[in-house]
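# Architecture and fold: a report
One letter stands for each residue in the lines below.
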Amino acid sequence: MADNSAYILNCEGISKAFGGTQALKDVQLHIKPGEVHALLGENGAGKSTLMKCVIGLIKPDEGKMDFDGKPYSASGPVDALKSGISMVHQELNPEPYLTVAESIFLKRENVRGFLLDKRAQNKRCDELLSKFQVAYTSQTMMKDLTLAQIQMVEIIKAVSCDAKLIILDEPTSSLDSTETDHLFDTIRDLKSKGVAIIYISHRMEEIFEICDRVSVFRNGTYVDSRSMEGVTRDELISMMVGREVKSVFPKVDCEIGETVLKVEGLTGGGFENINFEVHKGEILGLSGLVGSGRSETVRAIFGLDPVESGKIYLEGKEITNKNTRDAIKKGICMVNEDRKKYGLCLLRSIRENISLPNLPEKQKGLLLNQRREKAECQEVAEKLTVKCASIEHNGYSMSGGNQQKVVLAKWIMANPKVLILDEPTRGVDVGAKSEIHTLMCEFAAKGMAVIMISSELPEVMGMSDRILVYHEGRINGEIKREEILNGSVTQKEILEVAFGQERGRA
């Protein structure tokens, strides 16, 4: 039993079941004032479930909590906020038609008498935004922000609450290196003021950079807590997965064949005069800062956004993708960075989500061959180790990482010629990352052309045969795998190219 006086948050013996699934079983968590405490575990380990218990989104079946020296129980997030606990969730649900100021101060509005004082609220919001050096204002509409900008708004909202404990669930999953640095500066400032931070992340380098202690969960149970000074990366991974993970980046060199996809002079919203090609068996990495044009380029190739000028060739033939259906029919598939908005029908079952783009192959005349559909969906879900009680459960029932696996599963079943992966391991644990990376190599070995976008430089460097580095809508440099393997190119040099230092194309 922990000494309650030494901690601002104590969770003891917390258990929670959803139907036949035991999400938490007799777990504990102890957080000191003014510390950054990492909470680690694979997807489905129970991290987010415990945090939802803490902020009152769900009620634990058993156990007790103390906060700030008193017995604690919240009836919901607003109640938790009044007690001094705020949280930034991994899955973002912004109100699109609110301004940034209205979103940040929702249910905490500036009022003068009975009237809303918009001028004072906007001024206060702009002061907060200036600290994070963002490119939007208090009056920008939430619907006009990118995923990374929305995530930063949620972080600013949590910081603005003057909370004693802030929970950050995958806070940097959509942020670039500059935005992450601003966040870390803020965390260090909060820590100096005695604010406790619970930091949930699958990015090991961040855990070692910013955290003081770490607690590890596995399969809904508590494993151990350690000081970051006395633990290694391999020990943490072993505690998390309960098995050896040989390599997070298990890159296999495949035979690279003829050109599958080629773009010439491609220009559209956010990118200009883009020229590149990707070959059979090749993994092409696209790197650069958020908003540099990486995602915008592949969205246009996939038919999500219009192409203003330029040409796209597939297997030597010029093509035009008026929409995503055109692209899919031609053999181009894409895993989008925003799985909730573009990748999943959350109210539909896992089976239906996997089947959706693949239904014509499972038809007998006008009827769907349901037996074949269920068997094939079950097979691909097991191949990707999707954690679920049944593939008939809906998308909302899964953790973020398992939702990502379902998005991957539907395109794997489609067996495309070109597979575009935009942040394929966003919010995915280290064990699942290794599995997804292994699958990428398997796709390449079968002759598929793979384009991968990632904000994690170790991932781009570890998995790519070539890397194209974007800067302000243009390709500013090309890096080959052998340059990384022989040490002639480092993360620092790739970042310099992303920030504008010219390197040129090989």
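Summary of the structure given here. (Residues numbered from 1 in each chain as written. Predicted model: local features only at pLDDT ≥ 70, side-chain atom pairs only at ≥ 80, totals over all residues. Heavy atoms only, no water.)

Helix and strand content of the protein chain: 18 helices and 24 strands. Taken against the 2.2 N^0.38 rule, which gives 23 Å for 506 residues, the C-alpha radius of gyration of the protein chain at 23 Å falls within 12% of a compact globule. Dimensions of the protein chain, computed from the C-alpha atoms along their principal axes, are close to 70 × 55 × 50 Å. The proportion of buried residues among the 506 residues of the protein chain is 55%. Of the accessible surface of the protein chain, which amounts to about 22700 Å², a share of 48% is contributed by carbon and sulfur atoms. Computed over 66 positive and 73 negative side-chain charges, the separation of the two mean positions in the protein chain equals 5 Å. (Helix = DSSP H or I, 4+ residues; strand = E, 2+ residues; numbered from the N terminus. Rg over C-alpha atoms; globule rule 2.2 N^0.38 Å. Buried < 20%, exposed > 50% of the residue type's maximum accessible area, 1.4 Å probe, protein only. Areas by Shrake-Rupley, 256 points an atom, 1.4 Å probe, with all protein chains shown as cover. Lys, Arg positive; Asp, Glu negative; His and termini not counted. Charge placed at Lys NZ, Arg CZ, Asp CG, Glu CD.)

Pairing is mixed in the open sheet, where 6 strands are placed in the order 6-9-10-3-11-12. One side of each edge strand has no neighbouring strand; the edge strands of this open sheet are strand 6 (85-88) and strand 12 (221-227). The average undirected angle you get between the axes of adjacent strands in this sheet is 20°. As judged from the 5 bridges shared by strand 9 (residues 165-169) and strand 10 (residues 196-200), these two strands associate in the parallel manner. Across the sheet, residue aspartate 169 finds its bridge partner in strand 10, namely isoleucine 200. Here helix 5 (residues 147-159) sits on the sheet in contact with strand 6 and strand 9, set at roughly 175° to strand 6. (Pairing = 2+ DSSP bridges. Axes fitted to C-alpha atoms, helices over the stretch in contact; angles between N-to-C directions. Contact = heavy atoms within 4.5 Å.)

With 13 residues, helix 5 extends 19 Å from end C-alpha to end C-alpha; this agrees with the ideal 18 Å at 1.5 Å per step. Here helix 5 lies mainly inside the structure; 13 of its 13 residues are buried. (Expected span 1.5 Å × (residues − 1).)

Right, let's talk about the sheet that holds strand 17 (residues 317-319) for a bit. Strand order in the open sheet made by the 4 strands is 14-13-16-17, with antiparallel pairing throughout. Each edge of the sheet is formed by a strand with only one pairing partner; in this case those strands are strand 14 (271-279) and strand 17. When strand polarity is set aside, the average angle formed by the axes of neighbouring strands in this sheet is 15°. Of the strand pairs in this sheet, strand 16 (residues 307-314) and strand 17 are connected by 3 bridges, and their pairing is antiparallel.

A few words on helix 15 (residues 430-445). In a regular helix each residue adds 1.5 Å, so 16 residues correspond to 22 Å; helix 15 covers 23 Å between its end C-alpha atoms and thus fits that length. Buried residues dominate helix 15, accounting for 12 of its 16 residues. All of the buried residues in helix 15 are Val430, Gly431, Ala432, Lys433, Ser434, Ile436, His437, Leu439, Met440, Cys441, Phe443 and Ala444. The positive-phi residue at the C-terminal boundary of helix 15 is glycine 447, with phi of around 95°.

Right, let's talk about the nonpolar core for a bit. By size, the foremost hydrophobic cluster in this structure holds 64 residues, and its most contacted members are Leu261, Phe276, Ile332, Ile354, Val418 and Ile451. Ignoring any residue separated from it by four or fewer positions in sequence, one finds valine 418 in contact with Val260, Leu261, Leu314, Gly331, Ile332, Cys333, Ala449 and Ile451. Counting 50 residues, the second largest nonpolar core, distinct from the first, contains Phe105, Met152, Cys211 and Val216. (Core = buried A, V, L, I, M, F, W, Y, C linked by side-chain atoms within 4.5 Å.)

For any two helices packed against each other, one specifies the crossing angle of their axes together with the interaxial distance. Orientation of helix 5 relative to helix 6 (residues 177-192), taken along the N-to-C sense of each, is 10°, at an axis distance of 12 Å. Looking at the two axes, helix 5 sits roughly parallel to helix 6. Along its contact with helix 5, which presents Ala148, Met152, Ile155 and Val159, the element helix 6 presents Glu179, Leu183, Thr186 and Leu190. Of the residues that constitute the contact of helix 5 with helix 6, the class distribution is 6 nonpolar, 1 polar and 1 charged. (Parallel < 35°, antiparallel > 145°, perpendicular 65-115°, else oblique. Nonpolar A, V, L, I, M, F, W, Y, C, P; charged D, E, K, R; others polar.)

Per the counting criterion, the structure on display carries 30 salt bridges. Members of the salt-bridge network, linked through shared partners, are Asp185, Arg188 and Glu209. (Salt bridge = Lys/Arg side-chain N within 4 Å of Asp/Glu carboxyl O.)

For lysine 107, which is not glycine, the phi torsion reads 70° and is therefore positive. By the element assignment, lysine 107 lies in the loop between helix 3 (100-104) and strand 7 (111-112). The exposure class of lysine 107 is exposed, given its relative accessible area of 64%. Although it is not a glycine, glutamate 315 adopts a positive phi angle of roughly 50°. Here glutamate 315 falls in the partly exposed class, since its relative accessible area comes to 43%.

Summarising burial for strand 10: 5 of the 5 residues are buried, a large majority. Alternating positions in strand 10 separate into two faces, Ala196, Ile198 and Ile200 on one and Ile197 and Tyr199 on the other, with burial throughout. With 4 bridges connecting them, strand 3 (residues 36-40) and strand 10 associate as parallel partners. When the sheet's bridge partners are listed, leucine 39 is paired in strand 10 with isoleucine 200.

Counted under the stated rule, the structure contains 0 disulfides. Here cysteine 254 stays unpaired: no disulfide links it, and the sulfur of cysteine 441, its closest cysteine neighbor, is 6.0 Å away. No disulfide involves cysteine 388; its sulfur sits 11 Å from that of cysteine 377, the nearest cysteine. Note on cysteine 388: relative accessible area 29%, which makes it partly exposed. (Disulfide = S-S within 2.5 Å.)

What follows is about the pairing of strand 24 (residues 474-480). With 5 of its 7 residues buried, strand 24 lies for the most part within the structure. In this structure, strand 23 (residues 466-471) lies alongside strand 24, joined through 6 bridges in antiparallel fashion. Bridge pairing in strand 24 links arginine 466 to lysine 480.

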